[in-house]
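Descriptive analysis of the structure
Here's the letter readout for the chains.
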Amino acid sequence: MTTEEVIFHSVEEVQSFVNQAERWPADVDVALGSCVVDGKSLLGVLSLGIHKKLNVIVHDRPGE
């Protein structure tokens, strides 16, 4: 599992992130405090807000 902090500055950045996450074979989560959403969900990530420090959690690929 890998965790990185990110800040999205526009809806377009969120959309680009979600498009890339959708192609990733493992689970991707985005968290703000105790609220965690699916990183492959545009509405989920947008619900956390723009211009905030978010934690992206990339889980290990299946079978690793």
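Residues numbered from 1 in each chain as written. Predicted model: local features only at pLDDT ≥ 70, side-chain atom pairs only at ≥ 80, totals over all residues. Heavy atoms only, no water.

The name given to the protein in an unreviewed UniProt entry is HPr family phosphocarrier protein, and the organism recorded there is Candidatus Enterocloster faecavium.

Turning our attention to the nonpolar core. Residues Phe-8, Val-14, Phe-17, Val-18, Ala-21, Val-28, Val-30, Val-37, Val-45, Leu-48, Leu-54 and Val-56 constitute the largest nonpolar core, which totals 12 residues. Residue contacts for Leu-48: discarding those within four places in its chain leaves Val-30, Ala-31, Leu-32, Cys-35, Val-37 and Leu-54. (Core = buried A, V, L, I, M, F, W, Y, C linked by side-chain atoms within 4.5 Å. Buried < 20%, exposed > 50% of the residue type's maximum accessible area, 1.4 Å probe, protein only. Contact = heavy atoms within 4.5 Å.)

Moving on, we come to the environment of Cys-35. Tracing the sequence through the fold places Cys-35 in strand β3 (residues 35-38). For the pair Cys-35 and Leu-48, spaced 13 residues apart in sequence, the C-alpha separation works out to 8.1 Å. Apart from residues no more than four positions distant in its own chain, Cys-35 is found in contact with Val-30 and Leu-48. (Helix = DSSP H or I, 4+ residues; strand = E, 2+ residues; numbered from the N terminus.)

Moving on: the sheet that holds strand β4 (residues 53-58). Spatial strand order, β1-β4-β2-β3: four strands in an open sheet with antiparallel pairing. With partners counted over all chains shown, the strands left at the sheet margins are β1 (2-7) and β3, one partner each. Taking the axes of each pair of neighbouring strands and ignoring which way they run, one obtains an average angle of 30 degrees across the sheet. Here β1 runs beside β4; their pairing, made up of six bridges, is antiparallel. (Pairing = 2+ DSSP bridges. Axes fitted to C-alpha atoms, helices over the stretch in contact; angles between N-to-C directions.)

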